[in-house]
Amino acid sequence: MSPLRIGIVGAGIVGASCALTLAREGHQVIVFEPEVPGGPHAASHGNGGWISPASILPMSTPGLWRKIPGYLLDPQGPLTLRASSLPSLLPWLWRFVRAGSTWDKVRLTASALHRLLHDAPDRHRELAHWANASHLLHHTGLLYVYPHRPAFEADAMAWQIRREHGVSWVELSGDALQARAPALPRADQLGVWLPSGAWCSDPGEYVRRLMVAAQRAGAQLRHTRVHALQRQPGRCTGLLTDQGACSVDRVLITAGIDSPRLAREAGDALPLASERGYHVVLPHAGLELPVPIMPSDGRMANTLTAQGLRLAGQVELAHPSAPPNWARADALLAHARRTYPVLDQDERRRGTTRWMGHRPSTPDGLPVIGPSPHCEGLWYACGHGHVGLAAAARTALWVTQGISAPNIGAPAGEWQDFSMGRLA
Ligand SMILES: Cc1cc2nc3c(=O)[nH]c(=O)nc-3n(C[C@H](O)[C@H](O)[C@H](O)COP(=O)(O)OP(=O)(O)OC[C@H]3O[C@@H](n4cnc5c(N)ncnc54)[C@H](O)[C@@H]3O)c2cc1C
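Residues numbered from 1 in each chain as written. Predicted model: local features only at pLDDT ≥ 70, side-chain atom pairs only at ≥ 80, totals over all residues. Heavy atoms only, no water.

1. Quick notes on the pairing of strand S20 (residues 368–371)
Pairing of S20 with strand S21 (residues 378–382), which is carried by 4 bridges, proceeds in the antiparallel orientation. Bridged to glycine 370 within S21 is tyrosine 380. Linking S20 back to S21 in an antiparallel pair, the connection comprises 6 residues, with glycine 377 at a positive phi of about 90 degrees. (Pairing = 2+ DSSP bridges. Helix = DSSP H or I, 4+ residues; strand = E, 2+ residues; numbered from the N terminus.)

So, in structure tokens, the structure goes:
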């Protein structure tokens, strides 16, 4: 394989993972990123830190459309739609509802996500080792918690699909659940412990370290924004930035929610919407949380991070430029106080911080990984929605395996289900 000169647009978890993996394969990598890699501007900074091989169910499942009016009205619910953004979101929403309209469609999506995520903890173990970041990853499992067994049974189809894909878990209740999750009050809860799951205790620092390691492996980091693609008919030849033009053999777009703007220039319609999420960090929560918990009714990740207890979740469909609605973050805190009564003390909330970020989401819940169908030399690795941290390591592997093949009509690899073609 002859080394290529590759320009990467954006150093979130996906761009940084690709930069490191490509640089280690001997490619000449140049990363363009106007902000500090892993900083709070990016989705990769504030996520829940979960690296779960069980995250294979898309958001859209049969019957969802019936629930949408309720989502519009419930100020505390885990999913909401900003009414003012509804007209611009309608085409995406239509595709979103259709993508999950039958369980057969959901199964196909789950199979594809399984190929992307089945070995995510191991893939990250390797990346973290290269990046001197092994201490940020914890291979101690993940815990989903249901308020009672009937709630778990109501979710039976999701767990059956996981089982069909080889995901295994252990059901815990009573003393066994208490031992695993001492912060939960004694009640009828049912825990679903996923021993294969891993988590990251500082996602922003992880991205920063991946970029430093990429630079050690020979990549360049240029602190500048990419404004446009440099093109000849049918071909992408470089990038135009604040600092001038840069010619490359390949351009890889990993710009999160900003990816569609550059894709449009190449004639590619990337249907990404921002599924905005929020987090609250409690530096003095005082909770014993040996493994992260996801309470099913709050649909949020409760993870002990370097900054404190992070409550990360909520899905708010709204235009990327709409201001944050901090009531969504407050809903996370309110839910946590119900889940862990010990939090219901004011001094525990000292120094609390809040954050909002954009999950770059496709309607079918699969990222776009692979070459542009219209523009030779242009590649995408974006749209990772809810699983960008978990999926970044294998995404980087696939990009590295595929990017040196000729672009248009490249033989589909394992990533064929993620091609732009499926979205046409
Ligand atoms: C609340 C919340 C909880 C989550 N929890 C989890 C979880 O537990 N596990 C999980 O796997 N995923 C989780 N996610 C999803 C995950 O965070 C995202 O899928 C992932 O961070 C997307 O990474 P990215 O690199 O594609 O985008 P980003 O992290 O947004 O990075 C994109 C980068 O591109 C740069 N950029 C943009 N435009 C340009 C340009 N023109 N020129 C140069 N650079 C540019 C930006 O500055 C940015 O640094 C969560 C997300 C949220 C919001």
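What follows picks up the thread again.
2. Some words on the site of the ligand
Taken together, 37 residues lie near the ligand, and Glu33, Ser44, Trp50, Gly385 and Ala390 sit nearest. With respect to the ligand, the backbone of valine 226 contributes an N or O atom lying 2.9 Å from a nitrogen atom. Separating an oxygen atom of the ligand from a backbone N or O atom of alanine 390 is a distance of 2.8 Å. Protein chains shield 95% of the accessible area of the ligand, which is 1,000 Å² for the free molecule. When contributions to the shell around the ligand are tallied by element, the ones reaching two or more residues are helix H1 (13–24), helix H2 (43–46), strand S15 (273–282), strand S19 (353–361) and helix H13 (388–402). For the shell around the ligand, a count of residues per class yields 16 nonpolar, 16 polar and 5 charged. (Near = heavy atom within 4 Å. Polar contact = N/O pair within 3.5 Å; in protein donor to acceptor, adjacent residues only side chain to side chain. Areas by Shrake-Rupley, 256 points an atom, 1.4 Å probe, with all protein chains shown as cover. Nonpolar A, V, L, I, M, F, W, Y, C, P; charged D, E, K, R; others polar.)

3. Some remarks on empty space enclosed by the protein
Within the structure shown, the criterion is met by 2 cavities of 30 Å³ or more. One number sums up the size of the largest cavity: a volume of about 50 Å³. Among the elements of the structure, helix H6 (120–130) and H13 are those that each provide at least two residues to the lining of the largest cavity. It is H6 that provides the largest number of residues to the lining of the largest cavity, a total of 4 residues. Taken together, the residues of the lining of the largest cavity sort by class into 4 nonpolar, 1 polar and 2 charged. Put simply, the second largest cavity is a space of about 30 Å³. Contributing to the lining of the second largest cavity are Leu64, Ile68, Tyr71, Leu79, Leu81, Leu93, Phe96 and Leu317. In the lining of the second largest cavity, the residues fall into 8 nonpolar, no polar and no charged. (1 Å grid on protein atoms, 1.4 Å probe; cavity = no way out; pocket = protein on both sides within 12 Å on 5 of 7 lines; lining within 4 Å. Points joined across faces, edges and corners; volume = space filled by probe spheres on them.)

4. Concerning the pattern of salt bridges
Applying the stated criterion across every chain yields a total of 13 salt bridges. With a closest N to O distance of 3.7 Å, aspartate 122 and arginine 125 form a salt bridge. With aspartate 122 and arginine 125 both in helix H6, this residue pair falls 3 residues apart, about one helical turn. Ionic pairing is found between glutamate 316 and arginine 276, a salt bridge with its closest N-O pair at 3.0 Å. One end of the pair, glutamate 316, is in strand S18 (residues 308–317); the other, arginine 276, is in strand S15, with 40 residues separating them in the sequence. (Salt bridge = Lys/Arg side-chain N within 4 Å of Asp/Glu carboxyl O.)

5. What about the side chain of asparagine 47?
As for its position among the elements, asparagine 47 is in the loop between H2 and strand S3 (50–51). Discounting chain neighbours no more than four positions away, the residues touching asparagine 47 are Pro203, Arg310, Ala312, Trp355 and Leu389. (Contact = heavy atoms within 4.5 Å.)

6. Comments concerning the nonpolar core
Grouped burial of nonpolar side chains is what soluble globular proteins tend to show. Of all hydrophobic cores here, the largest spans 59 residues; its most connected members are Ile8, Leu22, Tyr206 and Val399. If sequence neighbours within four positions are ignored, isoleucine 8 has contacts with Gly15, Cys18, Ala19, Leu22, Val29, Ile30, Val31, Phe32, Leu252 and Thr254. Grouped together as the second largest cluster of nonpolar side chains are 26 residues, Leu177, Trp193, Ile293 and Met300 included. (Core = buried A, V, L, I, M, F, W, Y, C linked by side-chain atoms within 4.5 Å. Buried < 20%, exposed > 50% of the residue type's maximum accessible area, 1.4 Å probe, protein only.)

7. Comments concerning the environment of arginine 235
Mapped onto the elements of the fold, arginine 235 is located in strand S12 (residues 235–241). As a C-alpha pair, arginine 235 and glycine 298 span 63 residues in sequence and 46 Å in three-dimensional space. For arginine 235, the contacting residues outside a window of four places in its chain are Gln230, Asp249, Cys375, Glu376 and Gly377.

8. Considering the sheet that holds strand S2 (residues 28–32)
Taken in spatial order, the 6 strands make up an open sheet running S10-S2-S1-S14-S21-S20, and their pairing is mixed. Looking at which strands have only one partner, the edges of the open sheet turn out to be strand S10 (220–222) and S20. Here the strands of the sheet are splayed against their neighbours by 20 degrees on average, with no regard to which way each runs. Of the strand pairs in this sheet, strand S14 (residues 250–253) and S21 are connected by 3 bridges, and their pairing is parallel. Its bridge partner lying in S21, valine 251 is registered against leucine 378. (Axes fitted to C-alpha atoms, helices over the stretch in contact; angles between N-to-C directions.)

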